[in-house]
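A look at the structure
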Amino acid sequence: MRYKSMREWLDILEDMGKLKHVKKAVSIEHEIAAVGKKACGRYAIMFDNPKGSNIPIVTGLTGSRDFFSKALNVPVSELASHFEKAQTNPRECKIIEKHLSPVKEVITKDVDLGKLPIPVHHEKDSGPYITAGLLIAKNPETGERNVSIHRLQVTDKNHLGILMLPRHLMHYYRLAEKKNQPLEIAIAIGLDPIAMLSSQALTPLGQDEFCIASALYGEPMELVKCETVDIEVPAHAEIILEGVILPNVRELEGPFGEYPKYYGPRGKREYIELTCMTTRKDPIFQTIVPATDEHLLLGGIPREGGILQLVKNAVPTTTAVHLTPGGTGRYHLVIQMEKKNEGEAKNAMFAAFGSSQEIKHVVVVDRDVDIFNPVEVNWAIATRCQAARDVMIISGACGNKLDPSTKDGLSDKMGIDATVPLGEPEGKFEKIRIPNEENIDLEDYIEG
Ligand code: MN
């Protein structure tokens, strides 16, 4: 393992010249988000002096695929397949003693969120939000762990509003609430790219996301037991909040600027009561500015891994998949294949739509198209697709509620087959090429 904490990852970024410090005092209301958004993809930023707090804030730790390539030690083109491999070969975690865990250096049962520099990100957000917290919970019946990220609205010194979509955490919460019991949780803030990424895996219910992190680290992820709840948390985090999601309580949460670049609406949602906070003695607060590439890639890369696996199972000639940035890293999928039989593109679309509710529009292209290049994908649609033959539309399927064009999540799906039909005359779809173009260095030819 080359790093196992956010601090070690920050050191790597510093060595690469990719971590920049902001020394002047910066407001946690909008200013940090604005600067973070401008830097995202180019630099990680550490705000050394957020106004009103002596705790520094970091953001943009993984703002581009190049950062993830460095973090996972694989080329950009292999990020999805590398993640998929870890997901199919998970490894156990290890629980370490409290005295070995830096996040236990300071322990307080008198939780005061006002002591943390929690930013307000967008104009119409209802207030400060924790956006980079891994929420850890256990199935109240089986004890199986779940890890996920949720938007967490600061309501007062020890309460958080939460948005849960109908996924694993919601399922655990409902099991507890049915028995009128609170669901114990912990929230970990200040983590390295592998821990963050693993939390976004498209897993079956019951698969422990931290075991995917262990596989990616190449050694067991180190966890430590909480003080007030029966949950284990990343031992090298900066900050841990412990608490419960209260049964039969709903409080107003939102609006909040979300990944599709719209506001998620205000509504009555589940409510967290905090029971303990543990931190390092000099903690660093991490935030992710919503809808930036950092946010979209954290969700996008693990989804690509999971989708690749499912689409490959259905159509083995599939070679790669990509969730495009314009499609918010969720809704638009490009599939690349080496088609051997007519119809494989459509079968791949079915598998993709079945892999995740969020997949809305799918484009299938041939092996000679660079799926990370939107101009090439557009070119394939422009020159290899005939709409009456190649476009498939399915109405009224389950989509994503945060897509404002859906009817509360009821969504149409569209597939575009932009692969060359089989059996076309030789050369008809051959890409033009200038001999030796790839070896020409323009600098050798121009002067001045
Ligand atoms: Mn899960």
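These numbers were taken from a predicted model, which means no experiment stands behind them.

Taken domain by domain, the protein chain comprises domain 1 (6-293) and domain 2 (315-417). Measuring from the centre of the C-alpha atoms in domain 1 to the corresponding centre in domain 2 gives 30 Å. Tallying the contact residues gives 11 residues for domain 1 and 12 residues for domain 2. Together domain 1 and domain 2 conceal approximately 1,100 Å² of surface at their shared face, both sides included; 67% is due to carbon and sulfur atoms. Three residues stand out in domain 1 for area buried against domain 2, namely R65, Y259 and P260, and they jointly supply 46% of the buried area on that side. Between R167 and E358 there is a salt bridge, with the nearest N and O atoms lying 2.9 Å from each other. Linking domain 1 with domain 2 are four residue pairs in polar contact (both at pLDDT 80 or more), by the criterion used here. When grouped by side-chain class, the residues that make up the side of domain 1 that touches domain 2 number five nonpolar, two polar and four charged.

Counted under the stated rule, the structure contains three cavities of 30 Å³ or more. Roughly 70 Å³ of volume is contained in the largest cavity. Along its surface, the largest cavity is lined by 12 residues, and K4, Y217, M221, E222 and H236 are the ones closest to its centre. In terms of residue class, the lining of the largest cavity is built from eight nonpolar, one polar and three charged.

The final tally for this structure, using the stated rule, is three aromatic pairs. The lysine or arginine in question, R330, covers the ring of Y259, its NZ or CZ lying 4.5 Å from the ring centre.

Residues L10, L13, L61, F210, M221 and V233 are the most contacted members of the largest nonpolar core, which totals 55 residues. In terms of residue count, helix α7 (residues 209-217) provides more of this core than any other element does, six residues in total. Not counting residues up to four positions away in its chain, the partners in contact with V233 are I136, A186, E222, L223, V224, C226 and I240.

Right, let's talk about the coordination of the manganese ion for a bit. Coordination of the manganese ion by the protein involves N146 (OD1), H168 (ND1) and E209 (OE), with metal-donor separations of 2.1 to 2.2 Å. Read N to C, the donor residues that coordinate the manganese ion are spaced as N-x21-H-x40-E. Here E209 lies in helix α7 and N146 lies in strand β8 (residues 145-149), a separation of 63 residues in the sequence. Here the two residues N146 and E209 agree in accessibility, since each one is buried.

With that settled, consider the pattern of salt bridges. Within this structure, the stated rule accounts for 31 salt bridges. Between E238 and R7 there is a salt bridge, with its nearest N and O atoms 2.7 Å apart. Residue E238 is found in the loop between β13 (232-234) and β14 (239-245), and its partner R7 is found in helix α1 (residues 6-16); the two are separated by 231 residues along the sequence. For E238, a relative accessible area of 0% translates into the label buried. Where R280 meets E238, a salt bridge forms, and the shortest distance between an N and an O atom there is 3.3 Å. Of the two residues, R280 sits in the loop between β19 (271-279) and β20 (285-286) while E238 sits in the loop between β13 and β14, which places them 42 residues apart along the sequence. For the pair formed by R280 and E238, the shared burial category is buried. A single salt-bridge network, built from bridges that share partners, covers K138, R145, D208, K225, D230 and E232.

The subject of this paragraph is the pairing of strand β9 (residues 152-156). Within a regular strand, side chains alternate between the sheet's two faces. Where strand β6 (residues 129-130) lies against β9, two bridges are found, and the strand directions are antiparallel. Opposite I130, over in β9, you have L152 as the bridge partner. Strand direction decides the pairing type here: β9 and strand β10 (residues 159-162), joined by four bridges, are antiparallel. What sits directly across from Q153, in β10, is G161. Between β9 and β10, which pair antiparallel in sequence order, lie two residues.

On the secondary structure map, R266 appears in the loop between β17 (263-264) and β18 (267-269). Taking relative accessible area as the criterion, R266 reaches 46% and is therefore assigned partly exposed. The sequence separation of R266 and L116 amounts to 150 residues, and the corresponding C-alpha distance is 24 Å. In this structure R266 touches S126, Q153, L252, E253, G254 and P255, once residues within four positions along its chain are discounted. Within the structure, the side chain of R266 is placed 2.4 Å from the backbone oxygen of G254, a separation counted as a polar contact.

Assignment of secondary structure puts V103 in the loop between β4 (94-95) and β5 (106-108). Distance in space between the C-alpha atoms of V103 and K38 is 31 Å, their sequence separation being 65 residues. Setting aside residues no more than four positions away along its own chain, V103 makes contact with V224, P234, A235, A237, E238, I239, I240, T278, T279 and R280.

Reading guide: rules and limits
- Residues numbered from 1 in each chain as written.
- Predicted model: local features only at pLDDT ≥ 70, side-chain atom pairs only at ≥ 80, totals over all residues.
- Heavy atoms only, no water.
- Domains from an automatic or database assignment.
- Contact = heavy atoms within 4.5 Å.
- Buried area = accessible area lost by both parts, 1.4 Å probe.
- Salt bridge = Lys/Arg side-chain N within 4 Å of Asp/Glu carboxyl O.
- Polar contact = N/O pair within 3.5 Å; in protein donor to acceptor, adjacent residues only side chain to side chain.
- Nonpolar A, V, L, I, M, F, W, Y, C, P; charged D, E, K, R; others polar.
- 1 Å grid on protein atoms, 1.4 Å probe; cavity = no way out; pocket = protein on both sides within 12 Å on 5 of 7 lines; lining within 4 Å.
- Points joined across faces, edges and corners; volume = space filled by probe spheres on them.
- Phe/Tyr/Trp six-rings, centres within 6.5 Å; stacked < 30°, edge-to-face > 60°.
- Lys NZ or Arg CZ within 6 Å of the ring centre and 35° of its normal.
- Core = buried A, V, L, I, M, F, W, Y, C linked by side-chain atoms within 4.5 Å.
- Buried < 20%, exposed > 50% of the residue type's maximum accessible area, 1.4 Å probe, protein only.
- Helix = DSSP H or I, 4+ residues; strand = E, 2+ residues; numbered from the N terminus.
- Donors = N, O, S within 2.8 Å, 3.2 Å for Na, K, Ca; no water.
- Pairing = 2+ DSSP bridges.

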